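# Geometric and topological summary
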Amino acid sequence: MYPDKFQYFTPGDIASLEELLDKYRDDSKILAGGQSIIPLLKMRFTSIPNIIDISNIKGLNFIELNDDLEIGPMARTAEVAASNIVAMNCPLLFDAAGKVADPQVRNMGTVGGDICEADPRNDMPAVMLALNADFEITNSSGKRTVNSTEFFKDAYTTALDSNDILTKISIKNIGYHGKYFKFTTMASDFALFAVAINMKLNSDETVKDIGIGLTNVSSTAVKANEVEAYLKGKKIDEKISEEAFSKLLNMIELDDDYNGTKEEKQKILKKIFVNGLKEVYGDSK
Amino acid sequence: MMVNIRVNGKQYKKDIEPRLLLVNFLRDELNLTGTHIGCDTSNCGACTVLMDGKSVKSCTVLAMQANNHEITTIEHEDPELNAIKDAYVEEQGLQCGFCTPGMIMETFYLLKDAGNKDVDDDYIKKKLSGNLCRCTGYRSIIDSIKKANEKIREKEEIHVSR
């Protein structure tokens, strides 16, 4: 299968990238690893006249610990999944990056691309919501920072304008315990649904801070605000987890489809959620 | 557009359409038909090749993205790659053989990437999650990978030739 015809650009620096984006605006798209966009182009679900590959721009591939954990938009998912800095400071991201698709896709795909594509089945949006990450966005008129909670608007739709570039992912909630619980019917496939949990405890074992994000339960990744608020200050046990799950059900949309009925899905999601909370709470102690 | 791609140690300079996929570049432009097109939707892994030593699905990479990079395919005569081919023959890690080029290239990558890790069932299964085989049930493939690991560690004599 071939994509529709397009012009291909490889700018060498941010300034020429901005110039190209300003010129082509809606008729262009940034290509990072291409693991989401190339399949869409091949199936002709979409057709983009101008593809701008950013892999030749230096300084976009970094994983650094300053005050926050900072990740560049060209950091490959496999690099994040193998990074000691990420493993030590952000176990949720480390775990989730290693569970994205399969090894070949992780070698090519980027965390930044996963976020900007905003496919509701993508793993990173929910992880970023659980981490409360900030995104530095650059365009020809300057830089701004957008929090992940304001970033994901709808399926394939984000707060990015057509000339915007994601230039940095900042994670300030570091030193937490966290894990990504992904339920798939095939090892390398998209998640049927997944739960990202990031947690920090007080010395008396009550929850100090918690972030929960969900993949593929709505038209975009979901941050479970009400559940987070409910769990803060509590010690997590079976009863509290089940109460938290009933609050979660109000925030998501599960439908019958070929993967199962709504009831069946709820049952599995409940198991994943309750066990996940228990596991991360246990790790945090 | 002009691309400069090093494939199996040989430099190729070609004028191609930007929408050409890496797998079609290898098969149609260079006549390296060892790399197979399976599902063509980045699921099956039959098209797996190495780009700068890392496995990628060549049906989901534009040839332009490989510009100035080094590609390794199943045709490469690397001694370790040949040891893996030997192991697949000895352990019968294939039946119809369609997925095999991808399996062998991913094996090449996962053995290099293992470092100090044990190449056990668990590790192999995780690393092989991007490659589908509809014949073998994977058992003989996992055995082949373990055998290949031994061969490479012990630098056994290699029998496979073109």
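Thresholds applied
- Note on numbering: residues in each chain are counted from 1, in written sequence order.
- Chain letters start at A and ligand numbers start at 1, both assigned in the order the entries are written.
- Local features are withheld for residues below a pLDDT of 70 in this predicted model, meaning they are given only at 70 or higher, and side-chain atom pairs are given and counted only at 80 or more; totals for whole chains, interfaces and linings count all residues.
- As a rule here, side-chain values cover all heavy atoms of the structure and leave hydrogens and water aside.
- Under the DSSP-based scheme used, a helix requires at least four consecutive residues in state H or I and a strand at least two consecutive residues in state E, with every element numbered from the N terminus.
- We compute the radius of gyration from the C-alpha atoms alone; for a globule the expected value is 2.2 Å times N to the 0.38, where N is the number of residues.
- Any pair of residues with heavy atoms lying within 4.5 Å of one another is described as a contacting pair.
- Only the protein chains shown count as cover for residues, and the accessible areas themselves come from Shrake-Rupley with a 1.4 Å probe.
- Only four residue types enter the tally: Lys and Arg on the positive side, Asp and Glu on the negative side; His and the chain ends are excluded.
- One atom stands in for each charge, and that atom is NZ of Lys, CZ of Arg, CG of Asp or CD of Glu.
- Marked domain ranges trace back to an automatic or database domain assignment.
- Joining two parts hides part of their accessible area as seen by a 1.4 Å probe, and the buried area is that hidden amount summed over both.
- One side-chain nitrogen of Lys or Arg within 4 Å of one carboxyl oxygen of Asp or Glu is enough to make a salt bridge.
- What qualifies as a polar contact is a pair of N or O atoms within 3.5 Å, subject to a donor-acceptor requirement within protein and to the restriction that residues adjacent in sequence count only when both atoms come from side chains.
- Each residue is assigned to one class: nonpolar for Ala, Val, Leu, Ile, Met, Phe, Trp, Tyr, Cys and Pro, charged for Asp, Glu, Lys and Arg, and polar for all the others, Gly among them.
- Working definition: with a 1.4 Å probe on protein chains only, accessible area under 20% of the residue-type maximum means buried, over 50% means exposed, and in between means partly exposed.
- Whether two strands pair comes down to DSSP finding at least two bridges between them.
- Patch building starts from residues that exceed 30% relative accessible area and form no salt bridge, then joins like charges within 9 Å and nonpolar side chains (Val, Leu, Ile, Met, Phe, Trp, Tyr) within 5 Å.
- Computed over the protein atoms alone on a 1 Å grid, cavities are sets of points where a 1.4 Å probe fits but cannot get out and pockets are open sets with protein on both sides within 12 Å along at least five of seven lines; a residue lines them when it has an atom within 4 Å of a point.
- Grid points are joined across faces, edges and corners, and a volume is the space filled by probe spheres set on the points.
- Only Phe, Tyr and Trp rings take part, Trp by its six-membered ring, and two of them pair if their centres are within 6.5 Å. Stacked means planes under 30 degrees apart, edge-to-face means over 60, and tilted covers everything else.

Looking now at the overall build of chain A. Helix and strand counts for chain A stand at 11 helices and 14 strands. For 285 residues, the compact-globule estimate of 2.2 N^0.38 gives 19 Å, and the C-alpha radius of gyration of chain A, at 19 Å, lies within 12% of that figure. Judged by the C-alpha coordinates and their principal axes, chain A covers about 55 × 45 × 30 Å. In chain A, the share of contacts with a sequence separation of at least 24, taken over all contacts with a separation of at least 6, comes to 59%. Of the roughly 12,100 Å² of accessible surface on chain A, a fraction of 46% belongs to carbon and sulfur atoms. Across chain A, the mean location of the 33 positive side-chain charges is 3 Å away from that of the 43 negative side-chain charges.

This part is about the domain arrangement of chain A. Residues and elements named next belong to chain A. As far as domains go, chain A holds domain 1 (7-52), domain 2 (63-171) and domain 3 (177-284). Taking only C-alpha atoms, the centre of domain 2 and the centre of domain 3 are 20 Å apart. Taken together, the 25 residues of domain 2 in the interface contact 24 residues of domain 3. Here domain 2 meets domain 3 over a buried area of about 1,900 Å², counting both sides, of which 60% is carbon and sulfur. For the interface between domain 2 and domain 3, the tally reads one salt bridge.

This next bit is on the interface of chain B and chain A. Each partner contributes residues to the interface: chain B has 32 residues there, and chain A has 29 residues. Contact with chain A buries area across many residues of chain B, yet B:R19, B:T60 and B:Q65 alone supply 26% of it, more than any other trio. One can count three salt bridges joining chain B with chain A. Among the salt bridges present, the one from A:E79 reaches B:K54, with a minimum N-O distance of 3.9 Å. Here chain B and chain A share 12 residue pairs in polar contact (both at pLDDT 80 or more) between them. Among the elements of the structure, α1 (22-29), β3 (48-51), β4 (54-57), α3 (100-113) and α4 (121-127) of chain B are those that each provide at least two residues to the side of chain B that touches chain A. With four residues, β4(B) is the single largest residue contributor to the side of chain B that touches chain A. Classifying every residue of the side of chain B that touches chain A by side-chain character gives 11 nonpolar, 12 polar and nine charged.

So, on to the pairing of strand β6 (residues 134-139) of chain A. Residue and element names in this part refer to chain A. Burial analysis of β6 places six of its six residues in the buried class, which makes it a mostly covered element. Of the two faces of β6, the one carrying D134, E136 and T138 and the one carrying F135, I137 and N139 are both buried. In the sheet, β6 pairs with strand β7 (residues 142-147) via six bridges, with the strands oriented antiparallel. The residue bridging D134 from the neighbouring strand is N147, located in β7. Linking two consecutive strands that pair antiparallel, namely β6 and β7, is a turn of two residues. Sheet topology note: the β6/strand β10 (residues 165-171) ladder contains five bridges and is antiparallel. The residue of β10 that forms the bridge with I137 is L166.

All names here are of chain A. Taken together, E253, D255, D256, E263 and E264 make up a surface patch of like negative charges. Structurally, D256 can be placed in the loop between α10 (238-249) and α11 (262-284). In this structure D256 comes out as exposed when scored by relative accessible area, which is 54%.

The subject of this paragraph is the domain arrangement of chain B. All names here are of chain B. Domain parsing of chain B yields domain 1 (2-72) and domain 2 (79-154). A C-alpha centroid distance of 21 Å is found between domain 1 and domain 2. Facing 16 residues of domain 1, the contacting portion of domain 2 comprises 12 residues. Both faces combined, the contact of domain 1 with domain 2 buries some 1,100 Å², and carbon together with sulfur accounts for 63% of it.

Before going further, it helps to spend a moment on the layout of surface pockets. When its volume is computed, the second largest pocket comes out at roughly 1,100 Å³. Around the second largest pocket, the lining is made up of 36 residues, and of these A:A81, A:G98, A:P103, A:R106 and B:K127 lie nearest the centre. Elements with a contribution of two residues or more to the lining of the second largest pocket: α3 (77-80), α5 (91-97) and α6 (103-108) of chain A together with β4, α3 and α4 of chain B. With five residues, the single largest contributor to the lining of the second largest pocket is α4(B). Residue composition of the lining of the second largest pocket, by class: 13 nonpolar, eight polar and 15 charged.

Residues and elements named next belong to chain A. All told, the structure shown has six aromatic pairs over all chains when counted by the stated rule. Judged by centre distance (6.3 Å) and plane angle (85 degrees), the rings of F135 and F152 are edge-to-face. With a gap of 17 residues between them, F135 in strand β6 and F152 in strand β8 (residues 152-154) connect regions that are remote in the sequence. Taken individually, F135 and F152 each receive the classification buried, so the pair is uniform in this respect.

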